[in-house]
Amino acid sequence: MNDKLEKREANGGRVTGTSENGFHLGIPGMPSGTYGLAQLDDYMHLPRRKFPHTPPFSLRIEARVSGQCLPGTWGFGLWNDPFSVGFGAGGMSRLLPVAPNAAWFFYGSGDNHLSLRDDLPGSGFHAKTFRSPLLPSILSLAAVPGLPLLLWPLAARFVRKLSRQVVKEDATLLDVDLKDWHAYQLDWQDDSVTFSVDGEEVFQTNLSPRGRLGLVIWMDNQFFRFDSEGQIGFGFLQTFATQILAVRNINTAVD
């Protein structure tokens, strides 16, 4: 699997190989406002319609991080790169955003609130899935005239509530000592996703993502917040020292 993964690095972020058949994904100490990224993925130069993975699919990976509460986000799993993190690397079809489809182990520091629902975690370490319609990315242009309304909390709350009718999600918080090595597994079927830690099932949901997805493993210092009060925020957090996501024994399988 390792030979299919490509590195993506920004502003001092580094991906380095280790002697344990793995990688260290690290970003250095940096001031707020500067984006640091260390990422591995297998879809960098592909349009979304050619992303590699469909169900049934399994990901197995061992991981640990250098701190329990690191600023920013990190994780591993599958997604459709909905917000054009690739900056068009897959051609015009990746320049425009689409509704998210994902299944992953995700960590977000407290500045984040990456959930449209009030009863599901928007930060912390959790297992999460998103399921959305497979709409053409060109439709996102229709939303541009309404973007200024999001600056008005009342309108933003309405948009957030309306978005829940389109973007479905399910998640649960996980109680894991993130500084220790753990074996994580994600099993994606057409009608379900099962998450396991150290061989024990920790979450199962019937909310399975649609479409073709790519594998992503990352560490960065960004935050995004869209909370129940209609408050929206986005930016890059200060990191006070080098922070590392270590991974090893990355295996994927089609059942």
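For the structure itself, consult the block above.
First, a word on what this report is: a plain description of the structure on this page. (Residues numbered from 1 in each chain as written. Predicted model: local features only at pLDDT ≥ 70, side-chain atom pairs only at ≥ 80, totals over all residues. Heavy atoms only, no water.)

**With respect to the environment of Glu 169**
Among the secondary structure elements, Glu 169 is positioned in strand 9 (residues 168-173). The class of Glu 169 is buried, set by a relative accessible area of 3%. Sequence-distant contacts of Glu 169, defined by excluding residues within four places in its chain, comprise Leu 114, Ser 115, Leu 116, Arg 117, Leu 120, Lys 128, Thr 129, Phe 130 and Leu 207. A distance of 2.7 Å separates a polar side-chain atom of Glu 169 from the backbone nitrogen of Leu 116. (Helix = DSSP H or I, 4+ residues; strand = E, 2+ residues; numbered from the N terminus. Buried < 20%, exposed > 50% of the residue type's maximum accessible area, 1.4 Å probe, protein only. Contact = heavy atoms within 4.5 Å. Polar contact = N/O pair within 3.5 Å; in protein donor to acceptor, adjacent residues only side chain to side chain.)

**Things to note about the packing of aromatic side chains**
Given two aromatic rings, their pairing is described by the distance between the two centres and the angle made by the two planes. Under the defined criterion, the tally for this structure stands at 17 aromatic pairs. Taken together, a centroid distance of 6.3 Å and an interplanar angle of 40° make the contact between Trp 74 and Phe 76 tilted. Exposure remark for Trp 74: the relative accessible area of 3% places this residue in the buried category. The ring of Trp 181 is capped by Arg 248, whose NZ or CZ atom sits 3.9 Å from the centre of that ring. (Phe/Tyr/Trp six-rings, centres within 6.5 Å; stacked < 30°, edge-to-face > 60°. Lys NZ or Arg CZ within 6 Å of the ring centre and 35° of its normal.)

**Overview of the sheet that holds strand 11 (residues 192-197)**
With antiparallel pairing, seven strands are arranged side by side in an open sheet as 2-3-16-5-10-11-12. Of all strands in the sheet, those with a lone pairing partner are strand 2 (14-18) and strand 12 (200-205), marking the two edges. Taking the axes of each pair of neighbouring strands and ignoring which way they run, one obtains an average angle of 25° across the sheet. The pairing of strand 11 with strand 12 spans five bridges and is antiparallel. Within strand 12, the residue paired with Thr 194 across the bridge is Gln 204. (Pairing = 2+ DSSP bridges. Axes fitted to C-alpha atoms, helices over the stretch in contact; angles between N-to-C directions.)

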